[in-house]
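Architecture and fold: a report
Each chain is listed here by its residues.
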Amino acid sequence: MKLAPKIVTGALHSQNKGACDWGWQGLLAYGCHSFVVIVDPKNVQVIQVLDKHKSNVVKVKWARENYNHDTSSPYNLRLVSADASGVIITWDVIQGQSKAEFSDGQRPIQDLEWLSNQDASHDLLVALHPPYSLILWNADTGTKLWKKSYTEPLLSFSFDPFNIRNVAFLGQDCIVFVDDFSITKTPSSNGKKFYISSPSSQASNIKAEGSSSSLDKKSTSRNLAKRMSKMLVGEVSSKRSGEEESVTLNECLQLEFHRACRHHLILVYPREILLLDLEINQTVGIITMERTGSPFVQVLPLRQRDVMLCLHENGSITTRVRRKTNVITTPASEGVGAFDDSPPHVSMDVAYDMRCQSDSLRVTRHSKVVGIACCPMFERSVVLIMTDSRVIFWEMLMMEPMVHNGRHSHSPLHTPGSSIPEDISKLSTTEKLPVITDVAPPKLSLCDMIGQSQVMTPDNQAFQLGKGVALKFMMTGLMSGVSTPITVVRMCPPLTTKNWSIYQPLLAIGNNSGTIQILHVSSGQIEREYSVHAGPVRGIEWSSLKSFMSFSYPNPGQTGLVKNELFMVDVLSGKLTTLRNNHDHEPPIELLRISYLKQYFVICFKEKPLELWDLRSLTMLREMGKSIPRPTALEWSPSHSLKILKRKLLAQTMAESDKEGDGILSKSSSDAMTTSKTSTGGQEMSDSSSDPMGVQKVSMKEHFVFTDGEGNVYHFVVEGTSFIDATKIPAESGLGSISCIAWKGESITFGDSDGQLCIWDLKGRTSRTLPTHRGWIKKIRFAPGRGNIKFLTLYNDGVDIWDIKDTKPELNGSVKSPREIAKIVDAEWCGSDRVALATTNGAVYITDLTLKNLTSPVDEWDLPGQLWCPYMLTNKASLLLKYLLQHQPWNTEYSLKLEGMMDDDVDVQTAINNQLNLLDGDVSKYIGNSRFGTAERCLLVARLFGDESDLLFWTVALHYLKLEKLQPSSKGNNGSRERDRFVPPTKETSDLVVLDNPEDVAKRQIVEQLFNDPPLERYFDTICSNTSFQKYQLDRVALHDSKRATYDHTKKCAENYVMLGQTDRAVQLLLETEPESDQYYTDCLRACLVASIRSSGASQSTIKLVATNLIANGKLTEGVQLLCLIDKGMDACRYLQTYGAWDQAVWLAKATLGYTDCCEVLKRWVDHLCSTQVNQKSKALLVMLSLGQFPKVLEMLYGMRQFNRASCFAEACMEFSLLDMTPDNKSLVEAIFLEYARQLINLGHRKASEHYCNRAGDKGKQLMKEVDILFS
C-alpha cells in the first residue's frame, strides 16, 4: 500500500470551460481550478493530477501522434496546458513534472493548438493571445519562434486539416482567413476579412475584398439564389449595409474547419449550424434547431465518417450523419435550362440527419457542462465534464433498426459491408490470403460500425453486403470528484500489526450539503458517497475500520437552539443508525470524541453539560453535573494500562473455556487476547464495528481531560457506567483560552486562541510554552505510529508540522494559505508521514512532512484498474510490444506472450506481458488470424496504440493492396483501375465472360467479393482513387452550380465545367451573362469557342499557341482552360506545377487524366512534397501507395529509416503476392530486413533478430555471428 503524495480535485471553476481534451494516447485531460486532471476512460479512474499553475487552467491539449515512432521518437505522454494569467506549461504526465514553462508577459490565452500536418517538428505549438497576437512556440524548450499581430480582435482559430497554410480566425464581428501560415517565417499578410450577411430580396453582394462588381438589382435571372440565407461577404460590401440585413457574428459560438471534407467551414450559432464552402464563400448546408429543441453549445466534427457530434444546452449530445445527397451526375442536356429560371428538381444542399441522441441532464446553476471531448482514435466515445466535478462517458453502439408494422423502417445507415462468402472453399489454398477464420473482426471504431453515407447506394456491392443499423448512446461511465465546499475530513483508525491484512486507508470527507464521501487515499479515487445529513457535516469520528459517527446541525437562529443530528454509518452497507433522535431544540453539539478502546464516546454542547455514552450499546450512560464548566477542548487518554487489560481478558477467556469443558485456549480466544502494538492504544483487530477488541464483556478504565474557558484542566476517569475519579489542575500561566488538546504517550499538547503551544511532558513532569505567532490554533493532531510524536497544528492561515525532540518541538514543515495553497479548511494525518489538507477550492492534498511535495509519478498511485497504455511503458518496452503484436514470423503460432528475454530485460518482459493480458477478448482472438494478414494486423495495432501516423499509413496501404489484388494497375491500356468497381457489370460484359470456364468465373467472383473494399473516406482527399475523386468533384461542381448568385460565381462554375470536360453546361452558363455586363461580348465569344471545338488539327495548334501565350503573360487559369478544351490536360498540369499551383494540378490530374498521365503528375508532386522546403514525406508516402507503386514505397521507407514499417509492408506485399522479386527488389528487401534485425537486437529480442538475419542475405549471416556473441 503506497500513500504517495497526490491531489484529489473537486468542483470546477467557470474559467475551466472548454479546458478538456481526449488524446490519441487514449487518456482524457481536463482543467479543474489550477490543476490538470488526467483520467483513464477505460477504467473510469483518475490516474494523475498535475499542479504547477498559479491561476485557473483555461486550455489543455494532448500532443498529436502523427509521426513515426522509433527509438529516437518514442511513445510518450506529452500534454500542454495554459492558465488565465498566460502561463503555458508542457508536462511529463507520467512523472507529474513540468518540462517547460513559458508565457508572453502577463497576456492571457484565447486559444491553443499543437501544429500537426507537417514533418518538421512534433514540438510546435500555436497560441492566440488577446487581442490579436498569434505566437508560434517550441513547446519542448519554451522558445518563441515568431509572433504575428493582426489588426482585428480575434477570439479563436482553426487550422485547415487539408492545408497547413490555411488558418481561419473568429473575430468579434467577422471571420479572418490567412493563407500564408508557415513555420519558418512570420506570416506577412493580415488576412482577408469576411462578414456574414443575410441578403434581402433586393440586393445580394458576395464580394471579396477590393472587388467592386455587383449584380444588377433589376436582373431576374437568378432570383432563386438570392433567397439563400447566409453568405460570406468581403469588406467593401459590408459598408453598404443600408440595403442588407446584416447578421452579426457576435453570437457565433464556434468556428471550426470540417474534418472530413475539404474547403468546408462550420459556424455554430445557438439555433443553427452553418456549413460554408470556402471555394464559393457560401452556405451549402444549414442544420437548424427544432423549435422546441435545446440550443447548440458546441460541435465536434468527426473524421472517419462525415458525422458531427453536437452538444446542447440541456447536456444532451446528438449525432448527425451526412445525408446521401440527390446527386445530379449528368448536367442538363443541350438547350434545356440554359435560360430556365425554375429551380432544379432536387435539392443539392448538404444535409445532416439526426441519428441518435443521449439523455439530457439536469442542468442547474451549479451543474453545467463545461467541456465535451471525443475519442479521436475510435470516434464513438464522448465525455462530458460538469461543473460539479462529474465526468460522464457516453458510447455510441450499433443496434438493429426499429421495426414498424412487422417491417424494418428504412435506415440509410449501413455497416461498411465486408463479409466472407459462404462458398469460399472453392478458392485454392495456395493463396496466403485471405486467412479463413470464423472470428469476426472487432468493431472498434465508428468506421467499423457505419459505412459512408455518400457511397452507400442500393446498387453498390458494399451496400448489399452490409446491413441496416441504427445507433444509440449508452452511458458507460460516471465519475465524480470531491463534493464542495468541504467542512471536515477525518482519517480512519491507523494501520497496526494486527489489522494490516484487512486495512484500507479511508478518509471521510464531509461537506456543506450533508454528504459524506469516502476517499481511498492510496488510489486517489472516491469510493463511496453517503447522503447522511440535511445540513452541513460538522464533525466525523471513526468508531472502527468500517463505521463512523457524524453530527450536523443547521446554522443557529436568534435563539441559538438547533436540532442536532447524530448518526452511526456502516461503511460497507451504508446503513444509518440514528442516535439522540428526540431532541428538537437544544444548543449545538461542539465536540464528539470516541475513547481509544472504543468503549465510550463523549458529546460536548455549546451551553449544556456533556454526555457520556456507551459505544457498544449506543446508550447514554450519564450527563455531567451542572456545576462542571463547559469544555472548550477535550481529549481521551491513550495511556490506559495494557497489562491490566490483558490480565482481565485472559481471566475472562479462561472462565469461558472452562465452561466449554476443554480448558485449553482455543484459537479464537488467543486472538481475542492480542492488543495493538501502537502506542495510540487498542485499535481494531477484527472487522466488527461493535466489538473491535474482544473487550465486549470486560469494561476497562479510561481517562479523558478537558479544559474550561479559564484554562483549567480537568481529568476524569470512567469505568463501567460512571465517572469514578476527577481532578482539577489549575491553569497554566500565560495561556489564553485553550482551543484544542492532543494526547499521545507521555505528551499532552494544548493550543490557545492566541497561537501559543503548551507541551506537557507527563513523564518528566515538565511543561514548555512556545509562541507560534500564527494566531488562533484550530486543531492539533498527533501522527499515528509507535514512538512517532510528530504533530500538526492548523491555523487560520495554514498548517505547521512539528516533531518533539527531547521535549522540545522542532518545526518540520509549514505551508501558508492562501499564499502558497488555497485556504485550508481542515487537516488530518493519513499515515505516519502523510498529511491530508482540505481546501476551499474543493481539493484534498495528500502531502509529505515538508507540505511542499504535492504530486508523484503515476506508478506510485495504487490504482484499482490496470491500465492499457503503451505510452507509460519504457521506450524499449513500448516498441517491442508493438513489433510483437504487428507480426511474428519467427513463431510458428502467433502468441500473445513474450518469452526468452535476457536477464537484464526481465522487467521489460513482465511489463509487456501485463499489457498483453489487458487486451480485449475479441481483439486477442482476431489479431492472431486476421483476415488480410500483416497489413490488417498492423492497422489494428495502430488503433490500439493510438498511433495516428501508423493508422493513416496502414488504412491506405490495406485499401490499395486489396485494390491492386483485384485490378492490377500495371496491366491493361490506360490502367484498368479507371473502371468504377462499384458499378455492377453490364449485360455486354457478362455475356462475354461466359466463354470462360464457369469454375474460373465463380472463383473470380469470390475473389472480387473478398477484396472489394469501399472507397476511402473523403478526408483522404487526393489519396482517394480517381473514380471516387472524380465523382465527388462532379457532385461539388453541381452543388456550386445550384448555388450561383453572382457573376463571379457563375464564371467560376463555367471554368470548372470546362476543365472537367462538361462543355455543354459550360456553354449554358457562359451565355447567361447579362447584356449590361462588361464581360457580355467576351463570354459570348467564349461560349462559341467552347461549343465549336471539335479537335481538328489546325485549330488545336492555334489554341495551344494562344494558351501558352496566355500562361506566359500571367493568365494561368485562362490558358489551362484552353488546354483542357483540346484534351491537353497533361500539359495543363505541367504548367500548373511549374507555376507552383500544385493543389490545382493534382485536382485536375485526378479528376480528368488517365492512370499513366495521372501517375506522372502525382510523381512530380511526390518529389515536391519530399523537398526540404515542403517536408511532407509522410504525405508523399500515402500518394505513392495510392499509385500502387509498392517497391517505390519500400524504397522511401528505407530512406526515411522507418525499418519496422518497411519490413511489415514488405511482408504484407508478399502475402498479397504483389512484390515481384527482381534483383533490385530482392536486395532492397534484404537491406530492410537487415536494418530491422539490428533494431530487434537493440531491443533485446534474440529469436526475432535471428529470423530477420536469416532473410537478409550474406550481410545477415555476418550479423548472425554478432547476435550469437551478444546473446551468449
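Below is a short write-up of the structure. Because the structure is a prediction, the values reported are computed rather than measured.

What follows concerns the nonpolar core. Counting 197 residues, the largest nonpolar core has Ile38, Leu837 and Phe1209 as the members making the most contacts within it. Ranked by the residues each element gives to this core, the list is headed by helix 11 (residues 948-966), at eleven residues. Here Phe1209 is in contact with Phe953, Trp954, Ala957, Leu961, Leu1185, Phe1190, Val1193, Leu1194 and Leu1197, once residues within four sequence places are set aside. Of all hydrophobic cores here, the second largest spans 32 residues; its members include Met491, Ala508, Ile516 and Phe567.

Direction vectors running N to C along helix 26 (residues 1223-1242) and helix 28 (residues 1257-1271) enclose 10°, while the axes themselves pass 10 Å from each other. Comparing the axis directions of helix 26 and helix 28 gives the class roughly parallel. For the pair formed by helix 26 and helix 28, the contact residues are Glu1230, Leu1234, Ala1237, Arg1238 and Ile1241 on the first element and Gly1257, Lys1259, Gly1260, Leu1263, Val1267, Leu1270 and Phe1271 on the second. When its residues are assigned to classes, the contact of helix 26 with helix 28 shows seven nonpolar, two polar and three charged.

Next up on the list: the pairing of strand 60 (residues 844-847). The side chains of a regular strand alternate, residue by residue, between the two faces of the sheet. Residue alternation in strand 60 divides its side chains into two sets, Val844 and Ile846 and Tyr845 and Thr847, and both sets are buried. Relative to strand 60, strand 1 (residues 6-8) runs antiparallel, the two sharing three bridges. Within strand 60, the position partnered with Val8 by the bridge is Val844. Sheet analysis places strand 59 (residues 834-839) next to strand 60, joined by four bridges and oriented antiparallel. Note that in strand 60 the partner of Ala838 across the bridge is Val844. Linking strand 59 to strand 60, which pair antiparallel, is a turn of four residues; within it Gly842 sits at a positive phi near 85°.

Once that is clear, we can look at the packing of helix 11 against helix 23 (residues 1177-1186). Think of two packed helices as two axes; the pair is described by the angle between the axes and how far apart they sit. Following both chains from N to C, one finds helix 11 and helix 23 inclined at 10°, their axes separated by 9 Å at the closest point. Here helix 23 runs roughly parallel to helix 11, going by the angle between their axes. Across from Leu952, Phe953, Val956, Ala957 and Tyr960 in helix 11, the residues of helix 23 making contact are Leu1181, Leu1182, Leu1185 and Ser1186.

A few words on the pattern of salt bridges. On inspection of all chains with the given rule, the structure shows 56 salt bridges. Of the charged contacts, one joins Arg1036 and Glu279 as a salt bridge, the two residues approaching to 3.1 Å between their closest N and O atoms. Separated by 757 residues along the polypeptide, Arg1036 in helix 14 (residues 1026-1042) and Glu279 in the loop between strand 22 (272-277) and strand 23 (282-288) bring together distant segments of the chain. Assessed through its relative accessible area of 33%, Glu279 is described here as partly exposed. For Asp448, the salt bridge identified is with Arg943, shortest N-O distance 3.1 Å. Taken together, the residues span a long stretch of sequence, with Asp448 in helix 3 (residues 446-449) and Arg943 in helix 10 (residues 933-945) at a distance of 495 residues. In terms of burial, Asp448 and Arg943 fall into one category: buried.

Rules used in this analysis
- Residues numbered from 1 in each chain as written.
- Predicted model: local features only at pLDDT ≥ 70, side-chain atom pairs only at ≥ 80, totals over all residues.
- Heavy atoms only, no water.
- Core = buried A, V, L, I, M, F, W, Y, C linked by side-chain atoms within 4.5 Å.
- Buried < 20%, exposed > 50% of the residue type's maximum accessible area, 1.4 Å probe, protein only.
- Helix = DSSP H or I, 4+ residues; strand = E, 2+ residues; numbered from the N terminus.
- Contact = heavy atoms within 4.5 Å.
- Axes fitted to C-alpha atoms, helices over the stretch in contact; angles between N-to-C directions.
- Parallel < 35°, antiparallel > 145°, perpendicular 65-115°, else oblique.
- Nonpolar A, V, L, I, M, F, W, Y, C, P; charged D, E, K, R; others polar.
- Pairing = 2+ DSSP bridges.
- Salt bridge = Lys/Arg side-chain N within 4 Å of Asp/Glu carboxyl O.

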